[in-house]
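Results of the structural survey
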Amino acid sequence: MSGVPGDGETGVAAGPAIELQGLTKRFGSSVLAVDHLDLRVEHGQVWGLLGPNGAGKTTSLRMLLGLVRPTSGSATLLGTPVRPGAPILERVGAMIEHSSFVPFLTGMKNLELYWESRGGHLQDSNVEEALAIAGLGAAVNRKVKTYSQGMAQRLGVARALLGRPDVLILDEPTTGLDPGEMREIRDLLQRLPTQGVTVLLSSHLLAEIEQVCSHALVMDKGRCLRAGTVAELTQAGASAYLEVDDTERARQVLSARAGVTGVTTENSGLAVSLDGASRAEVVRELVRAGVRVETVTSRWRLEEAFLGLLEEEER
Amino acid sequence: MLAAFRTDWAKQWRRPLTFIGLGLLVLIPIIFVVATKANPPGRPEEFRDAGDAFNFYGTKTGLFLGVSALANTSRFLLVIVLAIFAGTAVASEANWGNLRALLVRPIPRGRLLTAKLTTATLLGVIAAALVVLTGTIGGILAFGWHPLTDGSIHQSAPNIVGNLALGTLYVFWSLSPVIAIGFMVSTLTDSASGAVFAAFGFYVVSTILDAITQLPSWFRVALPTHYLDAWQKLFPSGRHNGSGPTADMLRGTLLPIAYVLVFLGFAWWWFRRKDILS
């Protein structure tokens, strides 16, 4: 799987690492899972597919990997159109939905049979590095049926990393992991672009996308609602969490201010929905009104963002 | 292709279900041999059927206990084990969620199916061979290696062995439609048990329909189980003295070709265009 993306040696055409053009999938006559999805991911970028359950994220990734046939449109990896079993998949590592393995085999045997199903030897696949990242230790020699969901997920990440892929496609990679494991996976995903790896991951966790991705595509009901850098998207649906010394006074001030669309009590602070006002302006307003602001954090609730984007789409 | 087969074989060979299936096919002939040795059947005035004759001849030459083992299992246990090997081939991978991982490797789907069918077929051959070998070896240990001599009936030991090998191949091939439909259903569903049930159900329905003599003969002779027992005429069974391959065996050899082509053809056609959602 080594090789510079788009170089002549590998015979892969230059161009984006991942490109979806008008990708559409209809199941039967009534279910439109993905609706004319366009996406262009350049080499070394980390993109997040963000959306609620049923948004079409997994179906889109499956089409990108040749598991599901598009009804229309096209998907290319490293400049090559994807079809089931296409040779270009040799340069792709993937983990689709929860990681699943042959339960009566050990983790190591699963990796071996997976990798060697196309020939070659596991030892040539960079397995030690992948296992170090997965951090399973001696458990890799235990049968998979004894694994927790988190361990299986980590083994799935190791499987996706075998052979140092040029493109990594991960579907909800941190599902089932504890906070420490989540952090390890996110750290890894942040390191990969420096090694030239292009990453496309799906998640319904906004924080994960914000931490890991340079770009994101927000989708719902199969449609792309918005795509761009994470910074652009955050601005589009900003909110803030504030902790102040006088919440009642702060609520009065903010409710009267233009650019603030909602103020609700949350824990010991206030969740503030913004539409036009920046967090800095809100803080200045409160300070001017004599309210001491102890904490202000960037907030972007997924639900609020989706609702906002959907309403905008309908308008 | 070889790598895909090798890895699939390694997987199936470590599977508990494989050991259970093959283990049963070893255990049953051993029980049969031990029971026959402990309580040898006497010669009846007339044999009820070929199996009855084979059981009795088994006490005259141990080689016939291999014939008996094949006759006793080919109508039920062997069918179930073959249905399990075929029905679980693809559906189990889907059920484990491992199929999508296999298919994101750059392996053409047809190649993967070929590897899986080869594994299921090879396991099926081993299953049929195990029944016969266990019965024969157990029979030789219990009753010795002799030619069969019973009144005017005579069959040499090498002749029995040759016919037994031919009969085993014939039984396996006659049951190939069960393998083919099990494999086909296995590509359609994520439920391995559903695929196994479909394959065995197909066999049972065919057997029942074949037993309804009021049905037109052109229909019954087209049923995949109609000629399943034709191999038994290779051996003496009271009503006849045993012969070489018969016309029924020839028909029984040709008949499965159509079923296998249709079922496997559909399996390939479907799987190559199937959306992998499991």
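Below is a summary of the structure that appears in this document. These numbers were taken from a predicted model, which means no experiment stands behind them.

**Some details on the overall build of chain A**
What chain A contains, in helices and strands, is 10 helices and 14 strands. Considering chain A as a whole, with its 315 residues, one finds that 52% of them fall into the buried category. Sequence-distant contacts, at least 24 apart, represent 67% of the contacts inside chain A between residues at least 6 apart. Carbon and sulfur atoms make up 49% of the accessible area of chain A, which amounts to about 13,500 Å² in all.

**Focus on the overall build of chain B**
Within chain B, the secondary structure is distributed over 12 helices and 2 strands. From first element to last, N terminus to C terminus, chain B shows the α and β order α-α-α-α-α-α-α-β-β-α-α-α-α-α. Over its C-alpha trace chain B gives a radius of gyration of 20 Å, about what one expects of a compact globule, namely 19 Å for 278 residues. For chain B, the C-alpha atoms occupy an extent of roughly 65 × 45 × 25 Å along the three principal directions. Within chain B, contacts between residues at least 6 apart in sequence are counted, and of these 77% link residues at least 24 apart. Surface accessibility of chain B: about 11,600 Å² in total, with carbon and sulfur atoms responsible for 69%. Looking at charge distribution, chain B has the averaged site of its 21 positive side-chain charges lying 12 Å from that of its 12 negative ones.

**Describing the nonpolar core**
If you look at the biggest cluster of nonpolar residues, it comprises 153 residues, and the most contacted ones within it are Leu77(A), Ile169(A), Phe183(B) and Trp231(B). The dominant element in this core, judged by the number of residues it contributes, is helix H5 (residues 77-96) of chain B, at 12 residues. With residues near it in sequence (within four places) discarded, Trp231(B) still touches Phe54(B), Val67(B), Leu70(B), Ala71(B), Ser74(B), Gly167(B), Tyr170(B), Val171(B) and Met249(B). Ala250(A), Val272(A), Leu274(A) and Val291(A) belong to the second largest nonpolar core, which has 15 residues in total.

**Focus on the interface of chain A and chain B**
A common way to state how big an interface is: give the accessible area lost once the parts meet. Of the residues lining the interface, 33 residues belong to chain A; the matching set on chain B comes to 29 residues. Of all residues in chain A, Leu67(A), Phe104(A) and Ser117(A) give up the largest surface area on contact with chain B, accounting jointly for 23% of the area buried on that side. Put simply, chain A and chain B have 3 salt bridges between them. With a shortest N-O distance of 2.6 Å, Asp275(B) and Lys25(A) are connected by a salt bridge. Across the chain A-chain B interface, the total number found is 17 residue pairs in polar contact (both at pLDDT 80 or more). With 5 residues, the single largest contributor to the side of chain A that touches chain B is helix H2 (residues 107-116) of chain A. Partitioned by chemical class, the residues of the side of chain A that touches chain B number 18 nonpolar, 6 polar and 9 charged.

**Structural notes on the environment of Leu77(A)**
Its location among the elements puts Leu77(A) in strand S4 (residues 72-77). Setting aside its immediate chain neighbours within four residues, Leu77(A) contacts Ala17(A), Ile18(A), Leu64(A), Val82(A), Ile88(A), Leu89(A), Val92(A), Val167(A) and Ile169(A).

**Some words on helix H9 (residues 176-188) of chain B**
Residues and elements named next belong to chain B. Taking 1.5 Å of rise per residue, 13 residues should cover 18 Å, and H9 covers 19 Å from first to last C-alpha, within 8% of that figure. Of all 13 residues in H9, 12 are buried, a share of seventy percent or more. Contact partners of the buried residues in H9: H5, helix H7 (109-143), helix H8 (157-174), helix H10 (192-211) and helix H12 (247-273).

**Let's talk about the pairing of strand S2 (residues 31-41) of chain A**
Residues and elements named next belong to chain A. Relative to S2, strand S1 (residues 18-27) runs antiparallel, the two being bridged by 7 bridges. Opposite Glu19, over in S2, you have Arg40 as the bridge partner. Hairpin connection from S1 to S2: 3 residues lie between these consecutive antiparallel strands, with Gly28 at a positive phi of about 65°.

**Digging into the sheet that holds S1(A)**
Residues and elements named next belong to chain A. If you trace the 4 strands from one edge of the open sheet to the other, you get S2-S1-S4-S5, paired in antiparallel fashion. Two strands bound the open sheet, and with one partner strand each, they are S2 and strand S5 (80-81). Sheet analysis places S4 next to S5, joined by 2 bridges and oriented antiparallel. If you follow Leu77 over to S5, its bridge partner there is Thr80. Its contacts with the sheet place helix H1 (residues 57-64) against S1, S2 and S4, and it is angled at close to 115° to S1.

**Remarks on unusual backbone geometry**
Residues and elements named next belong to chain A. In this structure, Leu78 takes a positive phi of about 50° despite not being glycine. Mapping Leu78 onto the fold places it in the loop between S4 and S5. The class of Leu78 is buried, set by a relative accessible area of 0%.

**Comments concerning the pattern of salt bridges**
Think of it this way: side chains of opposite charge can pair up when their charged atoms draw near. Here the structure, examined in full by the defined rule, presents 26 salt bridges over all chains. Among the ionic pairs, Lys109(A) bridges to Glu112(A), the shortest N-O distance being 3.1 Å. Of this pair, Lys109(A) and Glu112(A) are both found in helix H2, 3 residues apart, which corresponds to roughly one turn of the helix. Where Arg75(B) meets Asp229(B), a salt bridge forms, and the shortest distance between an N and an O atom there is 3.1 Å. Taken together, the positions of Arg75(B) in the loop between helix H4 (63-73) and H5 and Asp229(B) in the loop between helix H11 (217-220) and H12 put the pair 154 residues apart, joining distant regions of the chain. Arg75(B) sits in the partly exposed class, given a relative accessible area of 27%. The class of Asp229(B) is partly exposed, set by a relative accessible area of 29%. Residues joined in a network through salt bridges with shared partners are Arg257(A), Glu281(A), Glu285(A) and Arg288(A).

**A closer look at the pairing of strand S13 (residues 269-274) of chain A**
Residues and elements named next belong to chain A. Among the 6 residues in S13, 6 count as buried, and that is most of the element. Across 4 bridges, the pairing between strand S11 (residues 239-244) and S13 is antiparallel. Looking across to S13, one finds that Ser239 is bridged to Ser273. In this sheet, S13 lies alongside strand S12 (residues 260-266) in antiparallel orientation, the contact comprising 6 bridges. Counterpart to Glu266 in the pairing with S13 is Gly269. Connecting S12 to the next strand, S13, in antiparallel fashion are 2 residues, including Asn267 with a positive phi near 55°.

Rules and cut-offs
- Residues numbered from 1 in each chain as written.
- Chains lettered and ligands numbered in written order.
- Predicted model: local features only at pLDDT ≥ 70, side-chain atom pairs only at ≥ 80, totals over all residues.
- Heavy atoms only, no water.
- Helix = DSSP H or I, 4+ residues; strand = E, 2+ residues; numbered from the N terminus.
- Buried < 20%, exposed > 50% of the residue type's maximum accessible area, 1.4 Å probe, protein only.
- Contact = heavy atoms within 4.5 Å.
- Areas by Shrake-Rupley, 256 points an atom, 1.4 Å probe, with all protein chains shown as cover.
- Rg over C-alpha atoms; globule rule 2.2 N^0.38 Å.
- Lys, Arg positive; Asp, Glu negative; His and termini not counted.
- Charge placed at Lys NZ, Arg CZ, Asp CG, Glu CD.
- Core = buried A, V, L, I, M, F, W, Y, C linked by side-chain atoms within 4.5 Å.
- Buried area = accessible area lost by both parts, 1.4 Å probe.
- Salt bridge = Lys/Arg side-chain N within 4 Å of Asp/Glu carboxyl O.
- Polar contact = N/O pair within 3.5 Å; in protein donor to acceptor, adjacent residues only side chain to side chain.
- Nonpolar A, V, L, I, M, F, W, Y, C, P; charged D, E, K, R; others polar.
- Expected span 1.5 Å × (residues − 1).
- Pairing = 2+ DSSP bridges.
- Axes fitted to C-alpha atoms, helices over the stretch in contact; angles between N-to-C directions.

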